[in-house]
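# What the coordinates show
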Amino acid sequence: WQAHLARAGVECDVRELLTGDEQHVLHSRRAFVSKLAVLGHSVVRAIRAIPAARHYDVVWIYRTLLLAGPATIESLLARIGSPIVYDFDDAIYLPYVSPTHRRLSYLKFPWKTASLCAMAHTIVAGSPFLAQWALQHNSRVHVVPSTVSLRYYRPRPGVRRSGPPVIGWT
């Protein structure tokens, strides 16, 4: 959304709390200590971002700020006073036990999604199904379907089809 918002004159300050390499570590079978270090770095980045949020017109949170733990940082952001737009596009409120980190599944706090919905000014849900669930926690819910940009994702060269493109999603 950033490019579209910029064309409309909206300035965005994107705070990436996990790099691509760090996400790879978290989803790999690496040692527990490496994963703790990555999570620790993301907590530090989140805490450092809090003072800047005082100057924002809105704070947009996609899925969650931190992959583990309760919505503590998000609660601090909500208290600062900038309205929170909470955006999620998957049923992240359902408990899920990852085969990669089965022992750490309890740290995901699946009920955190309900807390985030309740503290948000507005919710953006990726489907009507998710919106219906979010309405239990907040009346200001909008459906914006998840999309794939055809500018960046094109059919493979040489593949010809009649009709619209077919996309597999897992």
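Residues numbered from 1 in each chain as written. Predicted model: local features only at pLDDT ≥ 70, side-chain atom pairs only at ≥ 80, totals over all residues. Heavy atoms only, no water.

## Some details on the overall build of the chain
The following threshold applies: In this text, helices come from DSSP runs of H or I with a minimum length of four residues, and strands from runs of E with a minimum of two, each type numbered from the N-terminal end. Buried, partly exposed and exposed residues are distinguished by accessible area as a fraction of the type maximum, computed with a 1.4 Å probe on protein chains only: under 20%, between the cut-offs, and over 50%, respectively. Working definition of accessibility: Shrake-Rupley area with a 1.4 Å probe, residue cover restricted to the visible protein chains. Only four residue types enter the charge count, namely Lys and Arg as positive and Asp and Glu as negative; His and the chain termini do not. All charge positions are set by atom: Lys at NZ, Arg at CZ, Asp at CG, Glu at CD.
Across its full length, the chain holds six helices and four strands. For the chain, the N- to C-terminal ordering of α and β elements is α-α-α-β-α-β-α-β-α-β. Here the C-alpha coordinates of the chain stretch approximately 50 × 40 × 30 Å along the principal axes. A buried classification covers 30% of the 170 residues belonging to the chain. By element, 58% of the accessible surface of the chain is carried by carbon and sulfur atoms, the whole surface being about 12000 Å². A gap of 8 Å separates the mean positions of the 20 positive and 10 negative side-chain charges of the chain.

## Observations regarding helix H4 (residues 72-80)
Heads up, the condition is: Throughout, a residue-residue contact means that at least one pair of heavy atoms, one from each residue, lies within 4.5 Å.
Buried residues of H4: Ile73, Glu74, Ser75 and Leu77, and no others. In this structure, the buried side of H4 is in contact with helix H3 (32-53), strand S1 (59-62), strand S2 (84-88) and helix H5 (112-119). Phi for Gly81, located one or two positions after H4, is positive at around 115°.

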